[in-house]
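Structural features, examined
Here is what each chain is made of, one letter per residue.
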Amino acid sequence: MNQLDALKQWTTVVADTGDFRQFAQFQPRDATTNPSLILKAVQKPEYAPLLAQTVSAHAGRPVDEQMDRLLVRFGCEILSIIPGRVSTEVDARLSFDADASVARAERILALYKAEGIPPERVLIKVASTWEGIRAAERLQQRGIRCNMTLLFSFCQAVASGQAKAQLISPFVGRIYDWYKKAAGAAWDEAAMAGANDPGVQSVRRIYDHYKHFGIATEVMGASFRNVGQITALAGCDLLTIAPELMAQLAASSAPLTRALDPQAARALDLEPVRYDEAGFRLALNQDAMATEKLAEGIRVFIADARKLEALIEAR
């Protein structure tokens, strides 16, 4: 059994790409997208027709609507390949506007419904700001399932669980990036690998908290830099993995053991934690890594959304 198949014994494998032609061979159950991944995909010759067809069919419509239609078109193509769910992201420019995030999420889901896609096959990705978490809370109450993205801290995870979000996506690789850069020449790659990786440790803490207290929100590790980060999280509810790393797992027959286990988490001695708005904002502020990576992530997604809009307007 290769490592990818071994991982699937305990963890739902999710494809992290807009390049849906690339991942079918690995048979993931779900898939995640974002504007950055879709931007990369539409610049490839094999996906350019999807952009052209979407713009042609909806010429004259507002550019933000055309972008949502393009994201949904990719989502529909992905859902024709996988058996599970696809995650589609709300515009990052709405990260601090709960009302606008709710409205955009409802529009995205309506576009999927018009294509015959049932709501249980779609996850709406919302940034894990306080406003994004409040939007997700409202959406979940309306039966719209949410994937909390740009999640770097324990307080974001706790607040998302309180909001009964369907799923969270803690970003392993970006946490690793921050600590490695901060350490500079003092960083010891070997010593900080696997279970000692700061991104891995962040997900483990969240997973243990959720399982210990019976929080139903699913944990999906995301943003991996290497296979070691993935294998150190074997047993996590879901892991969203780029095709290149799935290929490495599929090519390896090294033994793989379960690293995260709900029974072990329930046996831990943990204190309950809750956050109101003031406590959340203070906890996030006190976490320099999470504060910086959240702001940076929003800026990057905004920049890529604007580039995607420019491609649409150029048609």
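Relevant structure appears above.
These lines cover the structure that appears in this document, whether it is placed above or below.

Definitions and limits used
Residue numbers restart at each chain and count upward from 1, following the sequence in its written direction. Predicted model: local features are reported for residues with pLDDT of at least 70 only, side-chain atom pairs are reported and counted for 80 or more only, and whole-chain, interface and lining totals are derived from all residues. Each side-chain value is worked out from all heavy atoms of the structure, with water and hydrogens disregarded. Helix and strand assignments follow DSSP, with helices taken as H or I runs no shorter than four residues and strands as E runs no shorter than two, numbered in order from the N terminus. Note on exposure labels: buried denotes an accessible area under 20% of the residue type's maximum, exposed denotes more than 50%, and partly exposed covers the range between, all computed with a 1.4 Å probe on protein chains only. Throughout, a contact is declared for two residues whenever any of their heavy atoms are within 4.5 Å. Computed with the Shrake-Rupley method and a 1.4 Å probe, the accessible areas treat only the protein chains shown as cover for residues. For the purpose of counting charges, residues Lys and Arg are taken to be positive, whereas Asp and Glu are taken to be negative. His and the chain ends are not included. For charged residues, the charge sits on one atom: NZ in Lys, CZ in Arg, CG in Asp, CD in Glu. Only when DSSP finds a minimum of two bridges between them are two strands counted as paired. Each axis is a line fitted through C-alpha atoms, and for a helix only the stretch in contact is used; angles between axes span 0 to 180 degrees, taken between their N-to-C directions. Defined by distance alone, a disulfide is two cysteine sulfur atoms within 2.5 Å. Note on angle classes: values under 35 degrees are labelled roughly parallel, values over 145 roughly antiparallel, values of 65 to 115 roughly perpendicular, and the remainder oblique. The hand of a helix crossing depends on one turn: near helix anticlockwise from the far one by less than a right angle means left-handed, and clockwise means right-handed. We call Asp, Glu, Lys and Arg charged. Ala, Val, Leu, Ile, Met, Phe, Trp, Tyr, Cys and Pro are nonpolar, and the rest, Gly among them, are polar.

Moving on, we get to the overall build of the protein chain. Of regular secondary structure, the protein chain possesses 15 helices and 8 strands. Referenced to the eigenvectors of the C-alpha coordinate spread, the extents of the protein chain come out at roughly 55 × 50 × 40 Å. Put simply, the protein chain has 315 residues, and 54% of those count as buried. Pairs at least 24 apart in sequence give 69% of the contacts found in the protein chain among residues at least 6 apart. Accessible surface, the protein chain as shown: approximately 13,300 Å² in total, 50% of it carbon and sulfur. Here the protein chain carries 36 positive and 37 negative side-chain charges, and the mean point of each set is 3 Å from the other.

Each strand in a sheet pairs with another by means of backbone hydrogen bonds, the pair being arranged parallel or else antiparallel. Spatially, 8 strands are ordered β1-β2-β3-β4-β5-β6-β7-β8 in a closed barrel, and the strand pairing comes out parallel. Ignoring strand direction, the axes of neighbouring strands in this sheet form an average angle of 30°. Summarising the sheet, strand β2 (residues 30–32) and strand β3 (residues 86–89) pair through 2 bridges and their orientation is parallel. The residue bridging T32 from the neighbouring strand is S87, located in β3.

Here the focus is the pairing of strand β7 (residues 218–221). In β7, alternate side chains face the same way, and those of E218 and M220 on one face and V219 and G221 on the other are all buried. Strand direction decides the pairing type here: strand β6 (residues 167–170) and β7, joined by 2 bridges, are parallel. Among the inter-strand pairings, I168 is bridged to a residue of β7, identified as V219. Pairing between β7 and strand β8 (residues 238–241): 2 bridges, direction parallel. Bridge assignment links M220 to a residue of β8, and that residue is L238.

Here the focus is the state of the cysteines. Applying the stated criterion across every chain yields a total of 0 disulfides. Its sulfur unpaired, C146 is 18 Å from the next cysteine sulfur, which belongs to C76. Residue class for C146 comes out buried when judged on its relative accessible area of 0%. There is no disulfide at C155, and the cysteine sulfur nearest it, in C146, is 18 Å away. Assessed through its relative accessible area of 4%, C155 is described here as buried.

Another point: the packing of helix α5 (residues 63–79) against helix α6 (residues 98–114). Between α5 and α6, whose axes approach to 9 Å, the crossing angle comes to 50°. Here α5 is positioned oblique relative to α6, judged by the angle of their axes. Where α5 crosses over α6, the handedness of that crossing is right-handed. Listed contacts from α6 to D64, E65, D68, R69, L71, V72, G75, C76 and L79 of α5 are R104, R107, I108, L111 and Y112. Along the lines of polarity and charge, the residues of the contact of α5 with α6 split into 7 nonpolar, 1 polar and 6 charged.

Right, let's talk about the packing of helix α7 (residues 130–141) against helix α14 (residues 277–286) for a bit. One can describe the packing of α7 onto α14 by two numbers: an axis separation of 11 Å at closest approach and a directional angle of 135°. By the angle class used here, α7 and α14 are oblique. Within the contact between the two elements, α7 uses W130, E131 and I133 and α14 uses E277, F280 and R281. Residue composition of the contact of α7 with α14, by class: 3 nonpolar, no polar and 3 charged.

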